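# Understanding the architecture of this molecule
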Amino acid sequence: ELDKHVGIYTSADISLKITISKTKTGLTAQATGQASFPLKAINENIFTFDQAGIQLTFNPTQNTMLLLQNGKEFLFTKE
């Protein structure tokens, strides 16, 4: 189930690539030039990283991911 989210996502809004990877315990995210961090599953398509106030909402049918942080939304598209 997690395989559908794995990949590299880019955004026209910010010059940042986010790589989503699968591990034995779930998913991790890594932004360009930053350390990777574990994602906590809220449901099948919504994941969070509470320490940074990040929520990622995946839309596998459209190959998009919505990043919500500090009240700002950024739409990413899977490469």
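About the thresholds
Residues numbered from 1 in each chain as written. Predicted model: local features only at pLDDT ≥ 70, side-chain atom pairs only at ≥ 80, totals over all residues. Heavy atoms only, no water. 1 Å grid on protein atoms, 1.4 Å probe; cavity = no way out; pocket = protein on both sides within 12 Å on 5 of 7 lines; lining within 4 Å. Points joined across faces, edges and corners; volume = space filled by probe spheres on them. Nonpolar A, V, L, I, M, F, W, Y, C, P; charged D, E, K, R; others polar. Pairing = 2+ DSSP bridges. Helix = DSSP H or I, 4+ residues; strand = E, 2+ residues; numbered from the N terminus. Axes fitted to C-alpha atoms, helices over the stretch in contact; angles between N-to-C directions.

So, on to empty space enclosed by the protein. The final tally for this structure, using the stated rule, is one cavity of 30 Å³ or more. Counted as a void, the largest cavity has a volume near 30 Å³. Considering the residues around the largest cavity, the lining is formed by Lys4, His5, Tyr9, Phe58, Asn59, Pro60, Asn63, Thr64 and Lys78. Within the lining of the largest cavity, the residues separate by chemical class into three nonpolar, four polar and two charged.

Take the sheet that holds strand E8 (residues 72–78) next. Within the closed barrel, the eight strands sit side by side as E1-E2-E3-E4-E5-E6-E7-E8. Their pairing is antiparallel. Direction aside, the axes of adjacent strands within the sheet are offset by 30° on average. Bridging between strand E7 (residues 64–69) and E8 involves six bridges; their strand directions are antiparallel. Paired with Gln69 across the two strands is Lys72, which belongs to E8.

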